[in-house]
Amino acid sequence: SQQGEEDPQALSIQEGENATMNCSYKTSINNLQWYRQNSGRGLVHLILIRSNEREKHSGRLRVTLDTSKKSSSLLITASRAADTASYFCATDAGPPFWSSGDKLTFGTGTRLAVRP
Amino acid sequence: DGGITQSPKYLFRKEGQNVTLSCEQNLNHDAMYWYRQDPGQGLRLIYYSQIVNDFQKGDIAEGYSVSREKKESFPLTVTSAQKNPTAFYLCASTPRGVSNQPQHFGDGTRLSIL
């Protein structure tokens, strides 16, 4: 089953604009991660935010986490054509779901296209 | 360079045939994972292994089998019982379990039916 749902499914912006993607999940989590996937390639880890953190930055990336709303957002500032990819959130179950095992549950992804 | 190597990049399966996808890592990671990705979809977990000689079923294990005889290797066999095998298969690893650790991915194997 897929716990995370990204929104929007697809996003097209002009180079230099900001891109915001959202992720909602259903059960409590230990942490939430964001990954990028270029077409036909494997996933690349971008950032991990723990359940007791509210915001995290890495370069042009800003991730927020609202555990009360079971949602997270990924903001890419000053986008570049090279940011064109699919972006996925993934969650690691927290209590009382420890028995689900040490595994990530991925969302369905947001396809981002950045026009030069 | 450390990383995960998946082979082959493209694979074709005939009706009734078993095929094996290779995944090798030189990261000295304990845990390894196999995912299936269908077009426009997220990743679904097939099998995972946290230690040599042990593995667990994921969400969609039917029609697949794995082995973990060596720490570096986690091959996936797509059996003839898997009626819809056409997909992109991704292998990943982490130093231990996933909690608070990013997964490292290979570049995938694309499997099609002849």
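Bear in mind that the values here come from a model prediction, so they are computed numbers and not experimental data.

Asker: Quick rundown of the state of the cysteines? Include the residues and the values.
Answerer: All names here are of chain B. In this structure the tally under the stated criterion is two disulfides over all chains. Two residues share a disulfide in this structure: Cys23 and Cys91, whose sulfurs sit 1.9 Å from each other. Judged by the sign of its S-S torsion, about -75°, the cystine formed by Cys23 and Cys91 is left-handed. Here Cys23 is found in strand E3 (residues 19-25), whereas its partner Cys91 is found in strand E9 (residues 87-94), with 68 residues between them in sequence. Across the pair, exposure class does not vary: Cys23 and Cys91 are buried alike.

Asker: How would you explain the layout of surface pockets if you had to name every residue and give the values?
Answerer: Within this model, the largest pocket holds a volume of roughly 400 Å³. Gln37 of chain A together with Gln37, Asp38, Pro39 and Gly40 of chain B are the residues nearest the centre of the largest pocket, which is lined by 24 residues in total. Those elements that provide at least two residues to the lining of the largest pocket are strand E9 (85-93) and strand E11 (110-115) of chain A together with E9 and strand E11 (109-113) of chain B. Here the lining of the largest pocket is built from residues that sort into six nonpolar, 15 polar and three charged.

Asker: Hey, could you go over the interface of chain A and chain B for me, with residue numbers and the actual values?
Answerer: Residue-level contacts link 24 residues of chain A with 26 residues of chain B. For the pair chain A and chain B, the two sides together bury roughly 2000 Å², of which 48% comes from carbon and sulfur. Across the chain A-chain B interface, the total number found is one salt bridge. Arg41 of chain A is the partner of Asp107 of chain B in a salt bridge, and the nearest nitrogen-oxygen pair spans 2.9 Å. Contributions of two or more residues to the side of chain A that touches chain B are made by strand E4 (29-37), strand E5 (43-50), E9 and strand E10 (104-106) of chain A. When residues of the side of chain A that touches chain B are assigned to their parent elements, the largest contribution, five residues, is made by E4 of chain A.

Parameters and conventions
- Residues numbered from 1 in each chain as written.
- Chains lettered and ligands numbered in written order.
- Predicted model: local features only at pLDDT ≥ 70, side-chain atom pairs only at ≥ 80, totals over all residues.
- Heavy atoms only, no water.
- Disulfide = S-S within 2.5 Å.
- Helix = DSSP H or I, 4+ residues; strand = E, 2+ residues; numbered from the N terminus.
- Buried < 20%, exposed > 50% of the residue type's maximum accessible area, 1.4 Å probe, protein only.
- 1 Å grid on protein atoms, 1.4 Å probe; cavity = no way out; pocket = protein on both sides within 12 Å on 5 of 7 lines; lining within 4 Å.
- Points joined across faces, edges and corners; volume = space filled by probe spheres on them.
- Nonpolar A, V, L, I, M, F, W, Y, C, P; charged D, E, K, R; others polar.
- Contact = heavy atoms within 4.5 Å.
- Buried area = accessible area lost by both parts, 1.4 Å probe.
- Salt bridge = Lys/Arg side-chain N within 4 Å of Asp/Glu carboxyl O.

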